[in-house]
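A look at the structure
Now for the letters of each chain:
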Amino acid sequence: MVENVLLCKCNKAHEEESPKESFIKVFLHLIESKTNRSYRESLNHTLSRIRLYDKDIDHREFEELNVWWLYEFDDSLARKGSLQNTRAIHFRNIIYLASLDTSVVDKANSLILSSL
């Protein structure tokens, strides 16, 4: 039991010490890591749409891209004439990136399941 408490405290201390990376920095790293040209283009297109929607995105962390941000982003794309499949591709790119951080995916899954 004492070991569990110490482990939790160590993990929490590590989380607090770890600097949070911006969404864009991680997204750019993902783009650079991909070798497939068409997938890189898809990611770049998503990034350009995100930057058009949110002028402050370069300073945002993952936690700031909450469900409301995603709803508004989708609404913005729809108002500008993006078709549902195009919007789905953008969201796939965002969710794939978020899946690298399991805490983000867990939150997204719970939101999706609660909306069913």
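Remember, predicted model here, so these are calculated numbers, not experimental data.

**Some thoughts on the packing of aromatic side chains**
For the structure on display, the rule yields six aromatic pairs. Arranged with centres 5.5 Å apart and planes meeting at 55°, the rings of Tyr53 and Phe73 form a pair that is tilted. Linking Tyr53 in helix 3 (residues 37-53) with Phe73 in helix 4 (residues 67-79), this pair joins segments that are 20 residues apart in sequence. Overall, Tyr53 belongs to the partly exposed group, its relative accessible area being 25%. Each residue in the set Tyr53, Trp69, Phe73 and Phe91 is aromatic and connected to the rest through ring pairs, giving one cluster.

**Topic: the packing of helix 3 against helix 4**
Contact pair helix 3 / helix 4: the axes reach a minimum separation of 10 Å and the direction vectors enclose 100°. One finds that helix 3 runs roughly perpendicular with respect to helix 4. Along its contact with helix 3, which presents Arg49, Ile50 and Tyr53, the element helix 4 presents Trp69, Glu72, Phe73, Ser76 and Leu77. A per-class count over the contact of helix 3 with helix 4 returns five nonpolar, one polar and two charged.

**With respect to the environment of Ile57**
The topology assignment puts Ile57 in the loop between helix 3 and helix 4. Not counting residues within four places of it along the chain, the set of residues in contact with Ile57 comprises Phe23, Ile24, Ile50, Arg51, Leu65 and Trp69.

**Digging into empty space enclosed by the protein**
Under the definition given, this model contains one cavity of 30 Å³ or more. Quantified by volume, the largest cavity comes out at close to 40 Å³. Every residue along the wall of the largest cavity is listed here: Arg49, Leu52, Tyr53, Phe73, Ser76, Leu77 and Lys80. Put simply, the parts of the chain that give the lining of the largest cavity at least two residues each are helix 3 and helix 4. For the lining of the largest cavity, the per-class residue count stands at four nonpolar, one polar and two charged.

**Notes on the side chain of Thr46**
Within the secondary structure, Thr46 sits in helix 3. For Thr46, a relative accessible area of 0% corresponds to the buried category. A distance of 2.8 Å separates a polar atom in the side chain of Thr46 from a polar atom in the side chain of His90. Apart from residues lying up to four places away in sequence, Thr46 is in contact with Phe27, Ile89, His90, Asn93 and Ile94.

Basis of the calculations
- Residues numbered from 1 in each chain as written.
- Predicted model: local features only at pLDDT ≥ 70, side-chain atom pairs only at ≥ 80, totals over all residues.
- Heavy atoms only, no water.
- Phe/Tyr/Trp six-rings, centres within 6.5 Å; stacked < 30°, edge-to-face > 60°.
- Helix = DSSP H or I, 4+ residues; strand = E, 2+ residues; numbered from the N terminus.
- Buried < 20%, exposed > 50% of the residue type's maximum accessible area, 1.4 Å probe, protein only.
- Axes fitted to C-alpha atoms, helices over the stretch in contact; angles between N-to-C directions.
- Parallel < 35°, antiparallel > 145°, perpendicular 65-115°, else oblique.
- Contact = heavy atoms within 4.5 Å.
- Nonpolar A, V, L, I, M, F, W, Y, C, P; charged D, E, K, R; others polar.
- 1 Å grid on protein atoms, 1.4 Å probe; cavity = no way out; pocket = protein on both sides within 12 Å on 5 of 7 lines; lining within 4 Å.
- Points joined across faces, edges and corners; volume = space filled by probe spheres on them.
- Polar contact = N/O pair within 3.5 Å; in protein donor to acceptor, adjacent residues only side chain to side chain.

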